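Spelled out, the chains give:
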Amino acid sequence: VTLNGEVSILENRIAKTELDIEQADEEIDLVNAQIALLTRSLFDLENTLEQDREALIALLRKIQVDDGDMVLKLFFGTDSFAELFGELQRLEQIQADVKASLERTEKQKDQLIAARELQSKKREQMDTLKATFEEYQERFIREQKSKEQLLSISRNNESEFQSLLR
């Protein structure tokens, strides 16, 4: 065991810790970018869900009005059977649109829930990465201090270092 050997070991540990810090920092940046994308995606999904909800409400109101009109047409008659049949087909189409809108809204709701869960997991991952990053920084500081203490005590003198080992 020599002073130069010990200093070299400490320098290698410091270099590895610096690489660990850089890697953790890059991972933090990546997860931050993923969280930002998820946040944007959540915002878009929430807006789409709200728009579909409003469209669905409008369709339901139209059905309610048309149902009332249909009852009046049945009681008081229409000019032709074809006109009544056309109205029934239009109502069926509106009902099909409502069903499709409901299915789309359910899918979007499921996507929103999944995206929120993923965002929560990414935030947990971020917390873990930050803790790891802090550990690496603390380890780096300790290793730097160890190197400085070793050099200070031995004053770069091999004989003093050897006497410390005894």
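On a predicted model such as this, the values are computed, not experimentally measured, just so you know. (Residues numbered from 1 in each chain as written. Predicted model: local features only at pLDDT ≥ 70, side-chain atom pairs only at ≥ 80, totals over all residues. Heavy atoms only, no water.)

Participant: Whenever I open this one, the overall build of the protein chain confuses me. Can you help?
Facilitator: Scanning the protein chain from N- to C-terminus turns up three helices and zero strands. By the burial criterion, 25% of the 166 residues in the protein chain qualify as buried. Taking the intrachain contacts of the protein chain between residues at least 6 apart in sequence as the baseline, contacts between residues at least 24 apart amount to 89%. Taken as a whole, the protein chain presents about 11,900 Å² of accessible surface, with 54% of it coming from carbon and sulfur. (Helix = DSSP H or I, 4+ residues; strand = E, 2+ residues; numbered from the N terminus. Buried < 20%, exposed > 50% of the residue type's maximum accessible area, 1.4 Å probe, protein only. Contact = heavy atoms within 4.5 Å. Areas by Shrake-Rupley, 256 points an atom, 1.4 Å probe, with all protein chains shown as cover.)

Participant: What is the right way to look at the nonpolar core in this model?
Facilitator: What tends to happen in soluble globular proteins is that the nonpolar side chains get buried as a cluster. Counting ten residues, the largest nonpolar core is built from I14, I21, A24, I28, V31, I35, M126, L129, F133 and F140. Examining the composition of this core, we find that six residues originate from one element, helix α1 (residues 3–76), more than from any other. Residue contacts for F133: discarding those within four places in its chain leaves I21, A24, D25 and I28. By size, the runner-up hydrophobic cluster in this structure holds five residues, among which are L42, L49, L112 and A115. (Core = buried A, V, L, I, M, F, W, Y, C linked by side-chain atoms within 4.5 Å.)

Participant: I keep staring at the pattern of salt bridges and nothing clicks. Help me out?
Facilitator: Opposite charge on two side chains lets them pair, provided their charged atoms get close. Applying the stated criterion to the full structure yields eight salt bridges. Of the charged contacts in the structure, one is a salt bridge between E46 and R116, with a shortest N-O distance of 2.6 Å. Residue E46 is located in helix α1, and its partner R116 is located in helix α2 (residues 81–154); the two are separated by 70 residues in the primary sequence. On the accessibility criterion, R116 (42% relative accessible area) is partly exposed. Of the charged contacts, one joins D52 and R104 as a salt bridge, the two residues approaching to 3.2 Å between their closest N and O atoms. Residue D52 is found in helix α1, and its partner R104 is found in helix α2; the two are separated by 52 residues along the sequence. Sharing partners across several salt bridges, the network here consists of K16, D20, R139 and E143. (Salt bridge = Lys/Arg side-chain N within 4 Å of Asp/Glu carboxyl O.)

Participant: How do you make sense of the environment of D52 when you look at a structure like this?
Facilitator: By relative accessible area, which is 10% here, D52 ends up buried. Along the primary structure D52 and T105 are separated by 53 residues, whereas in three dimensions their C-alpha atoms are 6.6 Å apart. Residues in contact with D52, not counting those within four places in the same chain, are S101, R104, T105 and Q108. There is a polar contact of 3.3 Å between the side chain of D52 and the side chain of Q108. (Polar contact = N/O pair within 3.5 Å; in protein donor to acceptor, adjacent residues only side chain to side chain.)

Participant: Got a minute to help me understand the side chain of T105 in this structure?
Facilitator: Its place among the elements puts T105 in helix α2. T105 sits in the buried class, given a relative accessible area of 15%.

Participant: Help me understand the environment of K62, please; the structure alone is not making it clear to me.
Facilitator: Inspection of the secondary structure assignment puts K62 in helix α1. Among the residues examined, K62 registers a relative accessible area of 40% and is labelled partly exposed. Taking the C-alpha atoms as reference points, K62 and I94, separated by 32 residues in sequence, lie 8.5 Å from one another. Leaving out residues up to four positions away in the same chain, K62 has contacts with R90 and I94.

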